[in-house]
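Notes for the structure review
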Amino acid sequence: NFKQIQGNIFKNTFSFDNQVNLAALSHTDGLVTLWDLKKLRAIDKIDMHQLDCRCAEFDPMGRYLVTASFDSTVCIYDTELKEQKMKIENHTDRVVLAKWHPIYPIILSTSADTTARLFGTVDFVNECLS
C-alpha cells in the first residue's frame, strides 16, 4: 500500500540517505525538510538559507547533508547532531547544485557565477597536493 506524504508543494529536489530511512526535501523558501520514511512524517525542518534552496543531498554514509542555495551559499548539516556544521560562501552568485563525491570527502558545487568549486577536508586536500 502506498501512502501519500503531504507537505509544502514548493519543493526543488529530494534525496535519500544510504539506508533509505530518511529523505531530504529542499524548498523554494530556503528550508530543507527531513522525513522519516518508516513513520512517513517530517522529523526536522532545517533553516540554513535565506533564499531558494536548490538541492539537498546526503553524503555516501548518509549522515551529512550538503545544500546549495540561491543565496550564494553551500551548507553542510549533520543529521545525527541536528546542527549546521559549515556554511561556505565562496560563490558570488546563485549556487544551483552541490554534490558529494561517491567515495572521497569532497563536494562539487556549481553556480550562476559560471564557476565550479571543489571543497574537501584539509587532510584530504593536503594528501592530494603532496
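The structure contained in this document is the topic of the report that follows. (Residues numbered from 1 in each chain as written. Predicted model: local features only at pLDDT ≥ 70, side-chain atom pairs only at ≥ 80, totals over all residues. Heavy atoms only, no water.)

Looking now at the overall build of the chain. On a plain count of helices and strands, the chain comes out with 1 helix and 11 strands. Overall, the chain shows an N-to-C arrangement of helices and strands of β-β-β-β-β-β-β-β-β-β-β-α. The proportion of buried residues among the 130 residues of the chain is 41%. Across the chain, contacts joining residues at least 24 apart in sequence account for 30% of those joining residues at least 6 apart. (Helix = DSSP H or I, 4+ residues; strand = E, 2+ residues; numbered from the N terminus. Buried < 20%, exposed > 50% of the residue type's maximum accessible area, 1.4 Å probe, protein only. Contact = heavy atoms within 4.5 Å.)

Okay, the side chain of H49 next. Within the secondary structure layout, H49 lies in the loop between β4 (41–47) and β5 (53–58). Given a relative accessible area of 2%, H49 falls into the buried group. A distance of 3.3 Å separates a polar atom in the side chain of H49 from a polar atom in the side chain of D71. Within the structure, H49 has its side chain in polar contact with the side chain of T73 (distance 3.0 Å). Among all residues touching H49, those that are not within four sequence positions of it are D29, G30, T67, A68, S69, D71, T73 and C75. (Polar contact = N/O pair within 3.5 Å; in protein donor to acceptor, adjacent residues only side chain to side chain.)

Next up on the list: the nonpolar core. In this structure, L22, A24, V32, L34, I46, M48, C53, A56, F58, L65, C75 and Y77 together form the largest nonpolar core, which totals 12 residues. Elements with a contribution of two residues or more to this core: β2 (22–27), β3 (31–36), β5 and β7 (74–78). Top contributing element to this core by residue count: β5, with 3 residues. Setting aside anything within four residues of it in sequence, one finds L22 in contact with S15, F16, D17, W35, D36, L37, I43 and F58. (Core = buried A, V, L, I, M, F, W, Y, C linked by side-chain atoms within 4.5 Å.)

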